[in-house]
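Breakdown of the fold
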Amino acid sequence: EMITTDVVGPICETGDFFARGITIPNCERGDYLAILMTGAYGFTESSNYNLRVKPPEVIIEDGKLRCIRPKQKYDEIN
């Protein structure tokens, strides 16, 4: 089933949208959505704003996913 939706970040500020009004397959909790261009949501601009942990970094190498930096843990936040 396809749905038309907005895609926003986990801490949505007023103008924080990845996409507006796009049609995608219906998603459920726990599903993943690959966003190839994330702007300020990418790791280089990540921060611990609102006590959010920094995301993992994953690359595709030889057709396989490889984690190059694990997700930060809460006890690692300074």
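Before any of the text, the structure's been laid out above.
All of the points below concern the structure found in this document. (Residues numbered from 1 in each chain as written. Predicted model: local features only at pLDDT ≥ 70, side-chain atom pairs only at ≥ 80, totals over all residues. Heavy atoms only, no water.)

1. Description of the overall build of the chain
Broken down by element type, the chain carries 0 helices and 4 strands. Written out in order from the N terminus, the α and β elements of the chain read β-β-β-β. A burial count over the chain gives 13% of its 78 residues as buried. Restricting the contact set of the chain to residue pairs at least 6 apart, pairs at least 24 apart contribute 24%. For the chain, the exposed area adds up to about 6,800 Å²; of that, 52% sits on carbon and sulfur atoms. (Helix = DSSP H or I, 4+ residues; strand = E, 2+ residues; numbered from the N terminus. Buried < 20%, exposed > 50% of the residue type's maximum accessible area, 1.4 Å probe, protein only. Contact = heavy atoms within 4.5 Å. Areas by Shrake-Rupley, 256 points an atom, 1.4 Å probe, with all protein chains shown as cover.)

2. What about unusual backbone geometry?
Of note, Asn50 is a non-glycine position whose phi angle comes to about 55 degrees, a positive value. If you trace the backbone, Asn50 turns up in the loop between strand 2 (17–25) and strand 3 (57–61). The phi torsion at Leu51 lies on the positive side, around 55 degrees, for a residue other than glycine. Looking at Leu51, the relative accessible area reads 59%, which means it is exposed.

3. Examining a nonpolar patch on the surface
The grouping of Val58, Ile60 and Leu65 at the surface amounts to a nonpolar patch, some 340 Å² of accessible area in total. Checked against the element boundaries, Leu65 lands in strand 4 (residues 64–69). Owing to a relative accessible area of 68%, Leu65 belongs among the exposed residues under this scheme. (Patch = residues over 30% accessible without salt bridge, like charges linked within 9 Å, V, L, I, M, F, W, Y side chains within 5 Å. Salt bridge = Lys/Arg side-chain N within 4 Å of Asp/Glu carboxyl O.)

4. Notes on the environment of Asp75
Assignment of secondary structure puts Asp75 in the segment after strand 4. Classification of Asp75 as exposed rests on a relative accessible area of 67%. With 22 residues separating them along the chain, Asp75 and Val53 place their C-alpha atoms 9.4 Å apart.

5. Some points on the pattern of salt bridges
Counted according to the given criterion, the structure contains 2 salt bridges. Close ionic contact of Arg69 with Glu57 constitutes a salt bridge, the shortest N to O distance being 2.6 Å. Of this pair, Arg69 sits in strand 4 while Glu57 sits in strand 3, and the two are 12 residues apart along the sequence. Take Arg69: its relative accessible area is 39%, and that puts it in the partly exposed class. Here Glu61 ties to Arg66 by a salt bridge, and the two come within 2.8 Å at their closest N and O atoms. A residue is classified by how much of its surface remains accessible, and Glu61, at 38% relative accessible area, is partly exposed. The class for Arg66 is partly exposed, based on a relative accessible area of 39%.

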